Structure formats: C-alpha cells, structure tokens
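Coordinate analysis (summary)
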Amino acid sequence: MARTAVVEVELRAALISLKKEKPTFGVAKIHTLLLEAHPTWAVSEKRVRKILQSEGLIATEKDNGTGPTIASYPVSRLNKSLDVTKWSSKVKVHYFNAIKGKGLIATEKISEGEVLWKEDPFILAPEWDIYDLQKSSKACASCSTPLGNHSPLHLPCSASGPSTPCPAMFCNRLCRMQSEKVHPLLCPARNPASVALLRLARNADWMALHALAQCTSKLLLSAQRDDGILDEDLQVMQGLAELGMEERFRALRDKGLEPDRENWRKAHELYLWAFKAPKASDEQKKLARILKKPVPESIQREFFEYDGFLRGLGRMSLNLEAHGGLYKLHSHLNHACTPNISVRHFDRHTALSRITVVAKVAIESGDELLITYVDPEGDYKARRGRLLEWGFGPCQCERCLSEEREAKVSGTDVIEADELADELKAGLGLM
C-alpha cells in the first residue's frame with residue numbers, strides 16, 4: 001500500500017490523542033500505533049519525536065528544568081451516553097480536535113437574553129463561605145441554599161446523634177433523600193475517617209480536593225447499587241477534561257512555581273484513609289457498613305493510585321464552575337475573553353446550586369457557545385496568566401491580540417513574574 005505525506009495539523013492532533021491514550025508509551029511505540037491507525041501515512045519516527053517534544057509530551061535533551069515552558073494541553077473525551085436533549089434542544093456536543101477537544105455549538109438561532117438550559121450539579125463543593133454555613137447547619141448540605149429561620153421542613157442528617165453528631169441540615173425530605181448519593185461517606189457520624197481529609201481541604205482552601213472527595217463518594221456509593229448508575233457516573237467522570245497536576249506545573253516552572261508534592265502526598269494519604277483503608281479499627285468497621293460490596297478493581301486503579309489521584313485533582317480544577325459545582329453539560333463549555341453566554345444562579349432562595357445558562361448576545365446556528373474562565377475585566381496579561389494555570393497556551397482571540405498590539409505600541413507590555421505567580425497559586429494545592 002502506497003504511503004503519502006500527512007499535513008502537520010492532522011498529524012499533530014493524532015499524535016497528541018495517541019500519547020494521551022497511552023501516556024507510558026515511548027516514541028517508537030507511539031510511532032507504531034500511529035502507522036497502524038493510519039496505514040496510508042508516511043511519517044518517520046524522527047518526525048514523531050519532534051512533534052511530541054514540541055507538545056511537551058516527552059522530554060527533550062535540553063529539558064533540565066531551566067529551559068522555556070513547553071506546551072501541555074488538557075485531554076478531552078466525549079461522553080457518548082450524554083443526552084443533551086434533557087437540557088436543551090438548541091445545542092449539541094461537538095468534538096473539534098485533540099488540542100481544543102470538545103465543546104457545545106448552537107443547532108439553531110438563539111436570541112439575546114434567551115435561557116438555554118438550567119442544570120443541577122453532578123456534585124457540589126460550594127464556595128467556602130457557603131461550606132462554612134453548611135458545617136454550622138445554616139445551609140442545606142445538599143443544594144447549599146441558606147436555611148434562614150427554622151422551618152418544620154428542615155431535617156437533620158438521619159445518622160446524627162448525641163454521641164456521633166453530624167452538622168448536616170437539609171431543606172426538606174427531598175434534599176435529604178438526594179444527599180444519600182454522596183453524603184454517607186462524608187458524614188462524620190457514618191464515616192469519621194473522612195473528617196481529616198475534609199479538614200485539610202478547608203484549611204488549605206483546596207476546592208479541587210473537596211470536589212474530588214465529593215466525586216469519589218458519589219462513585220463508591222453508586223457501586224453499591226444494582227441499577228447501572230455506576231457506569232453512567234463513571235462516564236461523566238472520564239469524560240471531563242483532564243490535565244494532571246505534574247503537567248500543570250511543568251507549564252509553570254519558568255514562572256518560579258514549584259509543585260508542593262509533599263502536600264499532594266499528604267492529601268492522598270488522607271484520601272485513602274477516608275475511602276479505602278481507615279487507620280482505626282472502629283472507623284474500618286463503619287466504612288465497611290457503608291461499602292458492603294467490594295469496590296471494583298477498575299475504580300481502585302483509576303482513583304486510588306497516586307497518579308490517578310493527581311489526575312482527579314486536575315479534572316476538578318479544570319471543570320468546576322466558579323461557585324464550586326460540577327455539571328455534566330456545563331463542563332463542555334470552552335473559553336473566550338468575549339463570551340457569548342453567561343452562567344447565573346437565579347434560584348438563590350430555592351436551589352442555590354442550580355445554574356441557568358443565558359445568551360449574552362444573539363447566537364447563530366453553528367456558532368460555539370463560550371463562557372469566560374477568567375475575570376473579563378482584567379487586561380490581556382492577567383487573563384492569559386490565569387489561563388496558563390489551566391494548561392492552555394496564550395489566548396489568541398481577537399481581543400487579546402488587539403490588546404497585545406496596543407500594549408507593545410505604548411510600551412506597557414511588561415509583567416512581573418511574582419505578580420503572575422500570585423495569580424496562579426489558587427487551586428494548585430500550594431500552601
């Protein structure tokens with residue numbers, strides 16, 4: 001069979017995808033896989049190596065920690081079981097390429113101000129002021145809505161008692177029932193081994209760790225059911241955009257930021273104590289009462305091993321909505337410095353965690369739906385600095401390029417490394 005040359009963009013996308021699927025494979029194996037997948041392509045091993053090095057997916061000969069930043073991109077996978085029509089008939093999921101990944105596009109014209117969909121969270125790790133209200137029984141432990149004055153509808157955690165108190169309080173019977181999908185493994189009365197993990201997350205303002213604890217609890221409890229919900233929840237998790245903690249810091253090393261591996265290891269230790277192997281015998285017994293069925297080996301490998309734990313933290317950092325929720329459809333939205341949709345919390349007194357997605361401008365059929373991952377009021381340097389935290393390269397949108405040109409003309413195109421470092425520390429597990 002005759003082989004033909006392949007264009008750079010197509011080859012680069014294919015190699016990134018293969019390397020992300022097989023991260024332990026070297027150049028030779030990736031080259032073999034590439035030719036097996038594309039038997040008509042003429043690609044040398046040398047060219048494969050050069051592209052993988054340029055993408056930061058393998059080390060270069062000069063990669064000694066002092067060279068320039070190399071590119072790392074989040075991995076994005078499709079959740080083929082996701083039924084978008086549950087939320088909206090006007091949008092659909094679209095896969096762009098291995099670098100950009102997936103996103104949402106309009107399937108018909110959308111009017112300015114139109115509500116596109118409302119969505120409740122897959123899990124919720126709320127902002128810390130709301131979390132503190134939950135811990136003091138002043139906000140619903142399920143939907144996070146502040147409880148205000150006492151109502152006969154408000155219900156405490158069913159496991160709470162004088163000797164084993166749990167501060168969780170719920171809006172009503174429905175919220176308490178829904179909380180059984182997550183709360184039991186994070187309840188100090190039912191699983192006291194989780195207390196140290198959640199305390200670390202709170203003391204460090206480490207929202208990604210808190211969110212990962214919520215997701216892990218949901219998956220482990222789904223594994224105890226016989227209704228097939230585990231496969232559905234796993235596909236949600238595995239479909240989230242992913243960039244490991246080590247990869248994120250590799251992109252930040254020339255900004256003077258160093259990974260806090262000691263703290264990551266400590267968090268992983270507490271994570272295992274909470275969900276797999278508590279230290280105290282009485283805590284082991286309480287965990288066994290909740291997890292009566294063995295945890296599938298596939299879940300243990302993916303979430304309990306250290307590398308999987310770091311990938312989980314990366315998933316949370318990339319996909320959490322600004323107020324701490326993780327949403328199945330919302331997690332597909334890509335960034336723009338001039339977004340065409342906004343995410344609002346309108347149901348503040350009935351369902352605070354529910355989001356409403358609203359069109360900021362008229363959107364044509366085929367246009368991508370875009371939110372901003374950063375403060376749009378900042379200048380292009382601040383916006384790019386925040387995006388760097390997520391593993392994205394410099395934003396090349398029209399607004400950023402225009403501001404960059406203006407800054408160069410005016411001579412204000414300067415940013416101090418210390419200023420950028422301060423901006424990037426949030427959410428990275430740096431103490």
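Rules of the game
Residues numbered from 1 in each chain as written. Predicted model: local features only at pLDDT ≥ 70, side-chain atom pairs only at ≥ 80, totals over all residues. Heavy atoms only, no water. Helix = DSSP H or I, 4+ residues; strand = E, 2+ residues; numbered from the N terminus. Contact = heavy atoms within 4.5 Å. Core = buried A, V, L, I, M, F, W, Y, C linked by side-chain atoms within 4.5 Å. Buried < 20%, exposed > 50% of the residue type's maximum accessible area, 1.4 Å probe, protein only. 1 Å grid on protein atoms, 1.4 Å probe; cavity = no way out; pocket = protein on both sides within 12 Å on 5 of 7 lines; lining within 4 Å. Points joined across faces, edges and corners; volume = space filled by probe spheres on them. Nonpolar A, V, L, I, M, F, W, Y, C, P; charged D, E, K, R; others polar. Pairing = 2+ DSSP bridges. Axes fitted to C-alpha atoms, helices over the stretch in contact; angles between N-to-C directions. Polar contact = N/O pair within 3.5 Å; in protein donor to acceptor, adjacent residues only side chain to side chain. Parallel < 35°, antiparallel > 145°, perpendicular 65-115°, else oblique. Left-handed = near helix turned anticlockwise from the far one by under 90°. Salt bridge = Lys/Arg side-chain N within 4 Å of Asp/Glu carboxyl O. Phe/Tyr/Trp six-rings, centres within 6.5 Å; stacked < 30°, edge-to-face > 60°. Lys NZ or Arg CZ within 6 Å of the ring centre and 35° of its normal.

**Some thoughts on the environment of Leu219**
Structurally, Leu219 can be placed in helix H7 (residues 207-222). For the pair Leu219 and Ile299, spaced 80 residues apart in the sequence, the C-alpha separation amounts to 8.6 Å. The contact partners of Leu219, leaving out residues within four places of it in the chain, are Leu230, Asp233, Leu234, Met237 and Phe303.

**Some details on the nonpolar core**
Membership of the largest hydrophobic core comes to 52 residues, with the highest contact counts inside it found for Leu209, Phe275, Phe309, Leu313 and Met316. If you tally residues by element for this core, the top one is H7, at 10 residues. Apart from residues no more than four positions distant in its own chain, Met316 is found in contact with Ala208, Ala211, Leu212, Cys215, Met237, Leu240 and Leu326. The next biggest cluster of nonpolar side chains, apart from the first, holds 17 residues, and it includes Val6, Ile16, Ile30 and Ile51.

**Brief notes about empty space enclosed by the protein**
It is a probe the size of a water molecule, rolled over the atoms, that shows where empty space is left. Applying the stated rule across the entire model yields 1 cavity of 30 Å³ or more. Its boundaries defined by the atoms lining it, the largest cavity holds a volume of some 40 Å³. With 3 residues, the top contributor of residues to the lining of the largest cavity is helix H8 (residues 229-239). A per-class count over the lining of the largest cavity returns 3 nonpolar, 5 polar and 2 charged.

**Regarding the sheet that holds strand E10 (residues 355-359)**
What the 3 strands build is an open sheet, ordered E3-E10-E9; its pairing is antiparallel. Each of the sheet's edge strands pairs with one partner strand only, and the pair in question is strand E3 (115-119) and strand E9 (341-344). Within the sheet, the average angular offset between the axes of one strand and its neighbour, ignoring direction, is 20 degrees.

**So, the side chain of Asn340**
Mapping Asn340 onto the fold places it in the loop between strand E8 (334-335) and E9. The exposure class of Asn340 is buried, given its relative accessible area of 12%. A polar contact of 2.8 Å, which involves the side chain of Asn340, links it to the backbone nitrogen of Leu370. Setting aside chain neighbours within four positions, we find Asn340 in contact with Val358, Ala359, Lys360, Val361, Ile363, Glu368, Leu369 and Leu370.

**Some remarks on the packing of H7 against helix H10 (residues 261-275)**
Packing of H7 against H10 brings their axes to within 11 Å, and their N-to-C directions diverge by 30 degrees. By the angle class used here, H7 and H10 are roughly parallel. H7 and H10 meet at a crossing whose hand is right-handed. Note on element contacts: H10 touches H7 through Ala267, Tyr271 and Phe275, opposite Leu209, Leu212, Ala213, Thr216, Ser217 and Leu220.

**Quick word on the pattern of salt bridges**
Opposite charge on two side chains allows them to pair when their charged atoms are near. Applying the stated criterion across every chain, the model contains 23 salt bridges. For Glu404, the salt bridge identified is with Lys408, shortest N-O distance 3.9 Å. Highlighted residues: Glu404 and Lys408, both in helix H15 (residues 398-410), separated by 4 residues, approximately one helical turn. The exposure class assigned to Lys408 is exposed, which follows from its relative accessible area of 54%. Through salt bridges that share partners, Arg77, Glu242, Glu302, Arg311 and Arg315 make up one connected network.

**Considerations on the pairing of strand E2 (residues 101-106)**
Both faces of the sheet carry side chains from a regular strand, because those side chains alternate between them. Burial of E2 is extensive: 6 of the 6 residues sit out of reach of the surface. Here 6 bridges tie strand E1 (residues 91-97) to E2, and the two strands are oriented antiparallel to one another. Bridged to Tyr95 within E2 is Lys102.

**Thoughts on the layout of surface pockets**
Each pocket or cavity is described by its volume, and for the second largest pocket that value is around 1200 Å³. Surrounding the second largest pocket, 50 residues form its lining, Pro121, Phe122, Ser142, Gln178 and Val182 being those nearest its centre. Counting residues per element, the ones that place at least two in the lining of the second largest pocket are strand E4 (123-124), helix H4 (128-135), helix H5 (173-179), H7 and H8. Its residues placed into classes, the lining of the second largest pocket shows 25 nonpolar, 13 polar and 12 charged.

**Some details on unusual backbone geometry**
Residue Ser137 is not a glycine yet carries a positive backbone phi of 65 degrees. Among the secondary structure elements, Ser137 is positioned in the loop between H4 and strand E5 (155-156). By relative accessible area, which is 29% here, Ser137 ends up partly exposed. Positive phi is not limited to glycine here, since Asp205 has a value of about 50 degrees. With respect to the secondary-structure elements, Asp205 resides in the loop between helix H6 (195-203) and H7. The partly exposed category is assigned to Asp205, whose relative accessible area is 45%.

**Details of the packing of aromatic side chains**
Scanning all chains against the criterion turns up 4 aromatic pairs. Aromatic side chains Tyr271 and Phe275 sit 5.4 Å apart centroid to centroid with 75 degrees between the ring planes, which places their arrangement in the edge-to-face category. Here the residue Tyr271 and the residue Phe275 both occupy positions in helix H10, the gap between them amounting to 4 residues, near one helical turn. Relative accessible area serves as the criterion here: at 1%, Phe275 is assigned to the buried category. Ring-pair connections join several aromatic residues into one group, and the members of that group are Tyr271, Phe275, Phe304 and Phe309. Here Lys100 stacks its cationic end above the ring of Phe96, 4.1 Å away from the centre of that ring. It is Arg265 that lies over the ring of Tyr306; its NZ or CZ is 3.5 Å from the centre.

**So, the environment of Gly378**
By the element assignment, Gly378 lies in the loop between strand E11 (370-371) and helix H14 (380-389). Sequence-wise, Gly378 and Cys337 are 41 residues apart; in three dimensions their C-alpha atoms are separated by 9.8 Å. Beyond its immediate stretch of four places on either side in the chain, Gly378 contacts Arg383 and Arg399.

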